[in-house]
Every structure is written in structure tokens, then in C-alpha cells.
Amino acid sequence: MAGAALSLPFSLSPSSKFTSTKGFKGRFMVFAASNGAEESKFDDKKNSWSSLFNIEDPTKSKIVPQGNRKFVDVNQALEVARYDLQYCDWRARQDILTIMLLHEKVVDVLNPLAREYKSIGTLKKDLAELQEELAQAHKQVHISEARVSAALDKLAYMETLVNDKLLEDKTSATSATTSLSPTTYSTAFETAKSKAQRKSISVSGPVKPYHPCLKNFWYPVAFSRDLKDDTLIPIECFEEPWVLFRGKDGKPGCVKNTCAHRACPLDLGSVNEGRVQCPYHGWEYSTDGKCEKMPSTKFINVKIKSLPCVEHERMIWIWPGKEPSSPIIPSLKPPPGFQIHAEIVMELPVEHGLLLDNLLDLAHAPFTHTSTFAKGWSVPSFVKFLTPQSGLQGYWDPYPIDMEFRPPCMVLSTIGISKPGKLEGQSTKQCSTHLHQLHVCLPSSRNKTRLLYRMSLDFAPVLQYIPFMHYLWKHFAEKVLNEDLRLVLGQQDRMINGANVWNWPVSYDKLGVRYRLWRNAVEKGVKQLPFTK
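Not measured: the values here are computed from a predicted model.

### Structural notes on the pattern of salt bridges
Taken as a whole and judged by the stated rule, the model has 16 salt bridges. Taking the shortest distance from any N to any O, the salt bridge between glutamate 240 and lysine 256 comes out at 3.6 Å. Of this pair, glutamate 240 sits in strand E5 (residues 240-246) while lysine 256 sits in strand E6 (residues 252-256), placing them 16 residues apart in sequence. Given a relative accessible area of 21%, glutamate 240 falls into the partly exposed group. Each of Glu273, Arg275, Glu284 and Glu292 takes part in a single network of salt bridges with overlapping partners.

This is the structure in C-alpha cells:
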């Protein structure tokens, strides 16, 4: 990427109300602005705090990046943007200095000693002139603030273009920008913004019925420890009711949670010799759905629907799709050296895609989780998720957290920690202790998710043996989740009423965007899914 020539479809330039000097020719432009009267107005005024603003004018000390080509490469573009931001910073400092000096003049005019040699009329006139100057200075500050904000927006947009290679077609631009007018400046940037907006993902309106292709995956639906020999676990998956239980051989089974006789929920019954017994009339079904007992009547051959169901790495998995099940089941084991400390199941009233969007986003933590794990976190200037071009995994910067989306509905993360609530190091490898998390978001229905959460640690193994520790972990997990849930429920309400929850993705949304692109490809029946090998 470093050597690639990119066409960046906007220019960075101050307002045309200042005198301008063209920095370099090309699609990407910077203009150095100056106002001679403002620069020299208070040169002779010395104040105790003026050293704070003693920043050299970048238009006099910096060499503006030059380019003879129509398109600049990435390094040039970033240098140009950096230069423009330095100019904006200098301009803003000068504006503030102007206001402070004007305030000082106001104080001088109102000094009681001035009355000895100035008439009331003169004082009023001086004060009115100063008020006008102060109003103009405040207006200039707002202009500078808007200019800095626009420059930062453009820099962030540049980063998105470079990181995601959205401008691979260098022939899209047909002419260089040559006009210095505000209209051209505004139009170019609005064009860039509109192109970015067209890259948005449409996720709005009531949740549509799940596409059959999304069912052709192995889904983990329960933890092995929860499925005892005499236990029935009712679940919903893709808006169909199922019940899990263990057969005579101890292997798990998954059958439709509806008796063939009178549609009674089977999970209200019991397990009898490896068969689920209906509580209404006692009909009994094996793990393949076949009715093997039918008391008080002549036996007839009856079978209810069942799903492929296996036990793998301490979890129960099902295959709800119509295509033949895959022989490969994803591995969700914690990394070597980790011990499992908690396995928790929750039923949540949100669509599973919205929950996955939330779990794949860490930038919200210092704003949302202010009473739990992110309490006291500072807000970084930039948050990035760095990932291979074709991957669904990567790591967060500046947080020491590795994260991966594992199709079809799992999120794995490893967090480097020093003590509870604190982060350390710049990467997980630099941290001495770690927490590993698994989130499984099973699509129960279009407005409900079955969440399986597992937490593992590579330190403090003794915590596994402390009585009731599991309840403490569950309390903490629910507290964290409730901080997210109120926001995601609000999103879901807006989405159902037509709002697009992915209207304007930014750079730190990368993993969530990739999940959505992957899901869209699945629902379109694409054979070679994006970001997967």
C-alpha cells in the first residue's frame, strides 16, 4: 500500500476570505492562508501568557509537499493532511490570542483611571469599537473550529480509504482541482462524503425471515455441563422450538419440542430411559424423533422432526439446515494455559445480528461500560481495529485485546489485564495475565437471542474452587450486558421503525462491517464467502 498511488477525491483548503498561496498542484490540495493585518496587529503587545501561543506560522517554516503528478501517493497524502492540520492548529491559537488581547483592551478602557483623561463619550465609543472587534474575533474562532473539524473528518476519511483500499480505481477522477472557491472546496468534500455513504450497509426495517442458507452451519446451543442424563433443555432456533436431552447411550439429541399427538411442549415432561416423555399422554420419543412408546392405545408409527446433534469440546451443537451437515465443527476451546471459570446462558430480547454488532465493537466501552470493566478508561484520540485483508480476526489499538468473529455466530476475544478493571501494555503479548471470552449468539427468533457466555483465565486457578464463585461471575456478566442491552434495545426499536443502524460506518467498525458483509453473502447464496479461506 505504501507505494500505491491513490486518487483522494477532495481538497484541504482554508476559506477563500483569506489571501492564499497554492501549495501544490493535484487532486489533493492545501492552501496556506494569512491575514496580514491580523498577524501584525498585536505584535508589540506582550503578555505573561503569550508564550503559550508562541507557535511558528507553518506557512513560513514548513515546506509544503510538492507533487508533479495528478495523483499523490499515500505518504504524500498523509503528509499534506498533517500539514493542513498544523495550519489549522496555528490559526486557532492566533484567534484565541486575539480574543484574549481584546479582552485585555476592554479592561484597560474600563479602568477608572481612564476617566481622568477621557470623556464619557470617548469611553463609550472605544468600548463599542472593542465590542465589535470582539464579536468579529469570536466569529473567526467559530470559523477556525469548523475548519479544524472538517480537516479531522477528512483525515479520518483518508484513513478509511487507505486501510480498506476503497479507491483501487485510479481512473475515476478525470481532472485536477484548480479552483480556490469555497463552492469547489465544499462540493469536493461533499462528493467524498456521499461516496463514503454509499458504502454504508442497509440494516433497517423489521427483521426479515431468516434465509435458509444461514441455517447450514453448526450452531452451539448449550454447555455440556448443563445437559444431565435426566435434564430437558428447551431452546428456540430460527423461530422453531426444540428440546435437548441425552439418549440411552449418553449422547445428546435434539427433537422438535412439540408432541405429535396433541402438540404439547415436550420439555414439560421428563426423560425416561433415554427418551423424552410427553406429560400429556405419555408418548415417548428417542433422540432421532421416533415415537417408541404410546401408552393406552394401539401403537402406530409416528416420528417428529429431529436435527443432527453432537457433543464437541464441552458444548452441544446442532445443524438446523437442510443441506447435509459438515464433517468439520469449529473449535471454540480456550487457548492453551487457560482454565474455564464460568459458563453462563441468557435469553435476550434482541435480534442476534444486533447483539453481534455490539460484541464486535470495542470503541463504545469507555462511554457505555462506565460502571463495570471500562470504569476509569480514558477516551483515545483514535481507536482502530487492525486485521488482515481477508480475515475476520485482528486486534484493537490502543487496547490490548485480540478479537475474532467465528462464523456463524461466535465472538472470541482475549484481553490482556494486570488487575480487574485495568488494561496494560500495547498488545496481548505484552501483558502478563489474560482473560479469554466466548460469546455465542444463537438466533432464537427475529427478536430474541440465546446467549452462551464462557470466561476463562490464565491465572488464579484457585478461583475455580471457591464456593458460589459462579454466581459472582454471572452477576458481573449480567451487569456488563445490561449496560449494552439498553442501547441495543433502543437500536432495535429504531431499526424496526426504519432507521439504518449501519448508516455511517467508520474505521473502528471494521470487524462489524465484515460480519455484515459475510452475512449478506451467505443470504445471497455466495459459494466463496468473503473473508474466509
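### Examining the sheet that holds strand E12 (residues 309-312)
Strand order in the open sheet formed by three strands is E3-E13-E12, with antiparallel pairing between adjacent strands. Every interior strand has two partners, whereas the edge strands, strand E3 (219-223) and E12, have only one. Averaged over neighbouring strand pairs, the angle between their axes works out to 35° when direction is ignored. Where E3 lies against strand E13 (residues 315-318), four bridges are found, and the strand directions are antiparallel. In the strand pairing of E13, tyrosine 219 is matched with isoleucine 318.

### Quick word on helix H6 (residues 352-359)
Burial of H6 is extensive: eight of the eight residues sit out of reach of the surface. Turning to H6, its buried residues are His352, Gly353, Leu354, Leu355, Leu356, Asp357, Asn358 and Leu359. The N-capping residue of H6, defined by a side-chain oxygen 2.9 Å from the backbone nitrogen of glycine 353, is glutamate 351.

### Some points on the nonpolar core
One finds Leu244 and Ile318 to be the most contacted residues of the largest nonpolar core, which totals 83 residues. The leading source of residues in this core is helix H8 (residues 469-496), at seven residues. In this structure, isoleucine 318 is in contact with Phe217, Trp218, Tyr219, Val221, Ile235, Cys237, Leu244, Cys254, Leu307, Pro308 and Cys309, ignoring residues within four places of it in sequence.

Quick notes on the rules
Residues numbered from 1 in each chain as written. Predicted model: local features only at pLDDT ≥ 70, side-chain atom pairs only at ≥ 80, totals over all residues. Heavy atoms only, no water. Salt bridge = Lys/Arg side-chain N within 4 Å of Asp/Glu carboxyl O. Helix = DSSP H or I, 4+ residues; strand = E, 2+ residues; numbered from the N terminus. Buried < 20%, exposed > 50% of the residue type's maximum accessible area, 1.4 Å probe, protein only. Pairing = 2+ DSSP bridges. Axes fitted to C-alpha atoms, helices over the stretch in contact; angles between N-to-C directions. Polar contact = N/O pair within 3.5 Å; in protein donor to acceptor, adjacent residues only side chain to side chain. Core = buried A, V, L, I, M, F, W, Y, C linked by side-chain atoms within 4.5 Å. Contact = heavy atoms within 4.5 Å.

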